[in-house]
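A closer look at the structure
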Amino acid sequence: MDEEEGEAMDELLTYPEGSSFIGKVGETLADSVAAWPVPPRASQGAPNVVLIVLDDVGYGHLGCFGSPMQTPHMDDLARGGLQFTRFHTTAMCSPTRACLLTGRNHHTCGMGGIADLAMGFPGFHARIPKSCAFVSDVLRQNGYSTFAVGKWHLAPADELHAGAPRDRWPLGQGFERYYGFIGAETNQYAPDLVMDNTLLHSVERRDGYHFSEDMVDKAITMVDDLRVGEPIKPFFMYMAFGACHSPHQAPQAYIDAYKGQFDDGWDAYRDRVLARQKELGVMPTSTILNERPPWVPEWSSCPAEDRRVYARMMEVFAGMLTHTDAQIGRFVEHLRSTGEFENTLIMLCSDNGASSEGGVHGTFNENFVFNGLPHDKARTFELMNELGGPDSHAHYAWGWAMAGNTPFKRWKRETHEGGVGDPLIVSWPARMGASAGQLRDGYVHAVDLGATVLAAAGLSMPAAVNGIDQDPVAGASILESFDDAAFVGRRTQYYEQFACRAIYHEGWKAVTFHPQLKYTEADDVDAPYSADKWELYHVAVDPAETLDLAADEPERLEAMKQLWWDEARRYGALPLQARRSVANQRPPGPVGDTVFLRQGAAPLPEANAPFLHRRTTRLVADVSYDAGDEGALIAAGGRFAGFTLFVKNGELRFTYNYLGVDEHTVAAPLAPGRHTVVAEIRLAESDSALARQARANPRVPGESDIVLHIDGREVDRSRMNRSIPVRFSLAGEGICCGYDDCTPVSSEYPSEFRYSNTIHRALIDVSGREIHDFDAEFEAAWAAQ
């Protein structure tokens, strides 16, 4: 080795990971030069980034946007940051989240609707392509730590089970740590949880637990864990609350704090909020309140008893929102106490407008709407004092959704401003300067926040990520608005949700509503899309869409409609389809008509199982039983709908829980020994026209027979007068063997209720074929799997 090479060995040579080795490899160490690969580092001074997403929170729900509800911590972020008064989303959960995290439009991401209602077309299949890389993946590869907590809802429904691929779960999209629920919603007292890539066995908690508190605890822990080993490495935290999506659930003290505050009703709420919005400058002083639509009853016309229950529903929602605000405050305070707040970019928004899914009267159990059924008003009113607690899956009456979207019209799922107009607060103390506390009226869309995350880190979307060419980012950074009070924002943005369409262009908006259900007799859910009436608004001066100028500006309207078609084709927003159902939009899965279960295995989500409703369904288990044994053998769903085959007090029992309204049970004594036990559900008179109607129409009761067998012998039979048409739950309570996770299906046992003996084999079969010898059929089915 010469002298020059020897001097080189005294230096520490480094090179970026993935690039060529710059040292020298000789035959021995003496004639070699070491060079160490170094991981990527974020740029000097790069900020932490926190993206906080609220669920189903409307424009008029936060205090800084005019609400009387207490949101002091979010209001404080607005006072020290910027408040965007013209922020827009896609009107639904999954699509907005895809925009936020990729910077692309939702149809480009294949997420034209929520993941649960996917269709087999490129803009709607719910499989976000790798050509739409997440900003988390780009940040991770450029020196950031990446964390996610809370709601995901960005994986297709057929990829949620324990055996599914994980490339569309958070860790497959660039996040290094994850804690939360992977689907659409969860029970705040019994969340269906995932830790990183592992489904957790979940049990109901009645000890003061609430998931919003739990997820923020985990977020704080993730940051603290990072700082032990990486004192200055910036992080990206995606914090997506389940609140305030149904079920509306909050600690009792938060609910009770609002007692009596909404007794004057939703009409008075709207007047009060708009007046405050004008005072704050959030809305122009010329803004006119949209008329209350005819399908929302005038508050004063509601009976006194109804008003009392409706007010209680809003107390529950307000308690949930204020409780969420407190958790955000805890996280922000942790950043302050550790000296990280100043150089942390926080963006806080909602994913869509307030939700009308509680219907005209509200509900103790939102699952009615997912089954196409009218809510049970009588049962809801009976449970008024339980609303907000673990024994309810509550959602308020839709008059409160109208009020929560003040001053806009319509709501979640629709493309008028009530569906797509949402609050946005941005805080970055180290960057804001004199702009702190100001309003910005520029037009911003969810896609812009994805672009802003990258821009804040000094990055842009690469041409290729992980070797895959990338689709262009549709969003543009809003960082320039920090220094520009005249920030204009987007020039053009299209919208499509359930065939409701809209287009914004240079201060104007054309919008049309296509009914998914009949709000009025004039609403024709089967009308052709060409018959939909388009409206035209100059939203630059009329952001509440109160003055329809379609008749005055027909040429402008036609040009806007053509622009919508151009954008729809460009981004893949076709075909139009308003009425989507989990019952008829499911891709074929590997399970077929029979699902084979294993004792103690992770729950199988209902979306991954054979369709269980209003068809012949058999639960079969080969079990050992000794005197005193008990537990769930096979369970699906939970407290708010489901069925369960279980053993208790020396009996084999099967309970069918109809939407938390009643439990229909058959039972028979079980002797010690090994047995084949069967519970069979079949539509009464299965060949009749009535049965065919029940399968096609949710509002036909679906009268069914339940038969219980032990060792091939019928031991009990009963007729129930109604059955569930579409699904048990969106809250992730799947099919379990040997236990019942989350909330219990039957009120006769507690959450989990693990079977204390052995389940040798178990299955659920929906083939509908006649079975005369259960033991023989069971053996044959099991051998053939």
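Let's talk about the overall build of the chain
Within the chain, the secondary structure is distributed over 17 helices and 30 strands. Taken over the C-alpha trace, the chain has a radius of gyration of 28 Å; the compact-globule value for 785 residues is 28 Å, and the two agree within 12%. Taking the principal axes of the C-alpha coordinates as reference, the chain spans close to 85 × 85 × 50 Å. Taken across its 785 residues, the chain has 61% of its residues classed as buried. Considering only contacts within the chain whose residues lie at least 6 apart along the sequence, 73% involve residues at least 24 apart. As displayed, the chain offers around 28,500 Å² of accessible surface, 51% of which is attributable to carbon and sulfur atoms. Taking the average location of the 70 positive side-chain charges in the chain and that of its 108 negative ones, the two points are 5 Å from each other.

What about unusual backbone geometry?
Residues alanine 243 and cysteine 244 are joined by a peptide bond in cis, for which omega reads 5°. Examined against the element boundaries, cysteine 244 turns out to sit in the loop between β9 (235-240) and α6 (252-256). Between threonine 406 and the following residue, proline 407, the backbone shows a cis peptide bond with an omega angle of 10°. Looking at the element boundaries, proline 407 is found in the loop between α11 (398-404) and α12 (417-420). Positive phi values are uncommon outside glycine, yet alanine 641 reaches one of about 160°. Positive phi outside glycine occurs at glutamate 752, with the angle close to 80°.

So, the pairing of strand β1 (residues 13-16)
Here β1 shows one buried face, formed by Leu13 and Tyr15, and one open face, formed by Thr14 and Pro16. The sheet contact formed by β1 and strand β2 (residues 35-38) spans 4 bridges and is parallel. Considered in β2, the bridge of tyrosine 15 is made with proline 37.

Overview of the pattern of salt bridges
Applying the stated criterion to the full structure yields 51 salt bridges. Arginine 227 is the salt-bridge partner of glutamate 340, the closest N and O atoms lying 2.7 Å from each other. Residue glutamate 340 is located in the loop between α8 (304-337) and β10 (344-350), and its partner arginine 227 is located in helix α5 (residues 211-229); the two are separated by 113 residues in the primary sequence. Take glutamate 340 and arginine 227: they sit in the same class, and that class is buried. With a shortest N-O distance of 2.6 Å, glutamate 417 and lysine 509 are connected by a salt bridge. Here the residue glutamate 417 occupies a position in helix α12, and lysine 509 occupies one in strand β18 (residues 508-512), the gap between them amounting to 92 residues. On the basis of relative accessible area, glutamate 417 is assigned to the buried category, the value being 5%. Assessed through its relative accessible area of 1%, lysine 509 is described here as buried. Residues joined in a network through salt bridges with shared partners are Asp55, Arg97, Lys151 and Asp351.

Focus: the sheet that holds strand β19 (residues 534-537)
If you walk across this open sheet you meet the 4 strands as β16-β17-β18-β19, and the pairing is antiparallel. The open sheet has two edge strands with one neighbour each: β16 (492-497) and β19. Averaged over all pairs of adjacent strands, the angle between strand axes in this sheet comes to 10°, irrespective of strand direction. Where β18 meets β19, 4 bridges bridge the pair, whose relative direction is antiparallel. Note that in β19 the partner of lysine 509 across the bridge is tyrosine 537.

Section: the environment of asparagine 105
Examined against the element boundaries, asparagine 105 turns out to sit in the loop between α3 (93-102) and α4 (135-140). Note on asparagine 105: relative accessible area 1%, which makes it buried. As a C-alpha pair, asparagine 105 and glycine 572 span 467 residues in sequence and 9.4 Å in three-dimensional space. Setting aside its immediate chain neighbours within four residues, asparagine 105 contacts Cys99, His445, Val447, Ala474, Gln493, Tyr494 and Tyr571.

As for the pairing of strand β28 (residues 713-720)
Where strand β27 (residues 704-710) and β28 come together, 7 bridges link them in antiparallel fashion. Directly across from leucine 708, in β28, lies its bridge partner aspartate 716.

Some thoughts on the nonpolar core
Leu62, Met237, Met239, Trp266, Phe331, Trp400 and Phe654 are the most contacted members of the largest nonpolar core, which totals 126 residues. Tallying contributions element by element places α8 first for this core, with 14 residues. Those residues in contact with phenylalanine 331 that lie beyond four places of it in its chain are Val50, Val216, Ala219, Ile220, Val223, Met237 and Met239. Judged by nonpolar contacts, the second largest core, of 59 residues, contains Ala118, Ala148, Val426 and Met461.

Some points on empty space enclosed by the protein
Gaps left between atoms are located by rolling a probe of water-molecule size over the structure's atoms. Under the counting rule described, the total for this entry stands at 7 cavities of 30 Å³ or more. Reported here for the largest cavity is a volume of approximately 290 Å³. Forming the walls of the largest cavity are 22 residues, and the residues nearest its centre are Leu160, Asp192, Pro605, Ala731 and Gly732. Looking at the lining of the largest cavity, its residues break down into 12 nonpolar, 4 polar and 6 charged.

Comments concerning the packing of α3 against helix α14 (residues 446-456)
For the pair α3 and α14, the least separation of the axes is 5 Å and the interaxial angle reads 30°. Overall, the two elements α3 and α14 adopt an arrangement that is roughly parallel. In the packing of α3 onto α14, the handedness of the crossing is right-handed. Along the contact surface, α3 presents Thr96, Cys99 and Leu100, while α14 presents Ala446, Val447, Leu449 and Gly450. Within the contact of α3 with α14, the residues separate by chemical class into 5 nonpolar, 2 polar and no charged.

Quick word on the side chain of arginine 168
Along the polypeptide, arginine 168 turns up in the loop between β5 (145-151) and β6 (177-181). Within the local environment of arginine 168, its side chain forms a polar contact with the side chain of glutamate 159, the two groups lying 3.2 Å apart. Not counting residues within four places of it along the chain, the set of residues in contact with arginine 168 comprises Arg127, Ile128, Trp152, Leu154, Ala155, Pro156, Glu159 and Gln173.

Topic: α3
Judged by how many residues are buried, α3 sits mostly within the fold: 10 of 10 residues are covered. Within the span of α3, buried status applies to Cys93, Ser94, Pro95, Thr96, Arg97, Ala98, Cys99, Leu100, Leu101 and Thr102. Positive phi appears at glycine 103, one or two residues downstream of α3, with a value of about 80°.

Side note on α8
Counted at 1.5 Å a residue, the expected span for α8 with its 34 residues is 50 Å, and the 49 Å between its end C-alpha atoms agrees. When you tally the buried positions in α8, you get 26 out of 34 residues, the bulk of the element. Of the residues flanking the end of α8, it is glycine 339, one or two places downstream, whose phi is positive at about 80°.

Re the packing of aromatic side chains
On inspection of all chains with the given rule, the structure shows 37 aromatic pairs. Measuring from centroid to centroid gives 5.8 Å for phenylalanine 134 and tryptophan 152, while their planes differ by 25°, and the two rings are stacked. Placement of phenylalanine 134 in the loop between α3 and α4 and of tryptophan 152 in the loop between β5 and β6 is noted, with a sequence separation of 18 residues between them. When the ring of tryptophan 266 is compared with that of tryptophan 400, the centres are 5.5 Å apart and the planes differ by 80°; the resulting orientation is edge-to-face. Linking tryptophan 266 in helix α7 (residues 265-280) with tryptophan 400 in helix α11, this pair joins segments that are 134 residues apart in sequence. Both residues of the pair, tryptophan 266 and tryptophan 400, belong to the buried class.

Cut-off values and rules
- Residues numbered from 1 in each chain as written.
- Predicted model: local features only at pLDDT ≥ 70, side-chain atom pairs only at ≥ 80, totals over all residues.
- Heavy atoms only, no water.
- Helix = DSSP H or I, 4+ residues; strand = E, 2+ residues; numbered from the N terminus.
- Rg over C-alpha atoms; globule rule 2.2 N^0.38 Å.
- Buried < 20%, exposed > 50% of the residue type's maximum accessible area, 1.4 Å probe, protein only.
- Contact = heavy atoms within 4.5 Å.
- Areas by Shrake-Rupley, 256 points an atom, 1.4 Å probe, with all protein chains shown as cover.
- Lys, Arg positive; Asp, Glu negative; His and termini not counted.
- Charge placed at Lys NZ, Arg CZ, Asp CG, Glu CD.
- Pairing = 2+ DSSP bridges.
- Salt bridge = Lys/Arg side-chain N within 4 Å of Asp/Glu carboxyl O.
- Axes fitted to C-alpha atoms, helices over the stretch in contact; angles between N-to-C directions.
- Core = buried A, V, L, I, M, F, W, Y, C linked by side-chain atoms within 4.5 Å.
- 1 Å grid on protein atoms, 1.4 Å probe; cavity = no way out; pocket = protein on both sides within 12 Å on 5 of 7 lines; lining within 4 Å.
- Points joined across faces, edges and corners; volume = space filled by probe spheres on them.
- Nonpolar A, V, L, I, M, F, W, Y, C, P; charged D, E, K, R; others polar.
- Parallel < 35°, antiparallel > 145°, perpendicular 65-115°, else oblique.
- Left-handed = near helix turned anticlockwise from the far one by under 90°.
- Polar contact = N/O pair within 3.5 Å; in protein donor to acceptor, adjacent residues only side chain to side chain.
- Expected span 1.5 Å × (residues − 1).
- Phe/Tyr/Trp six-rings, centres within 6.5 Å; stacked < 30°, edge-to-face > 60°.

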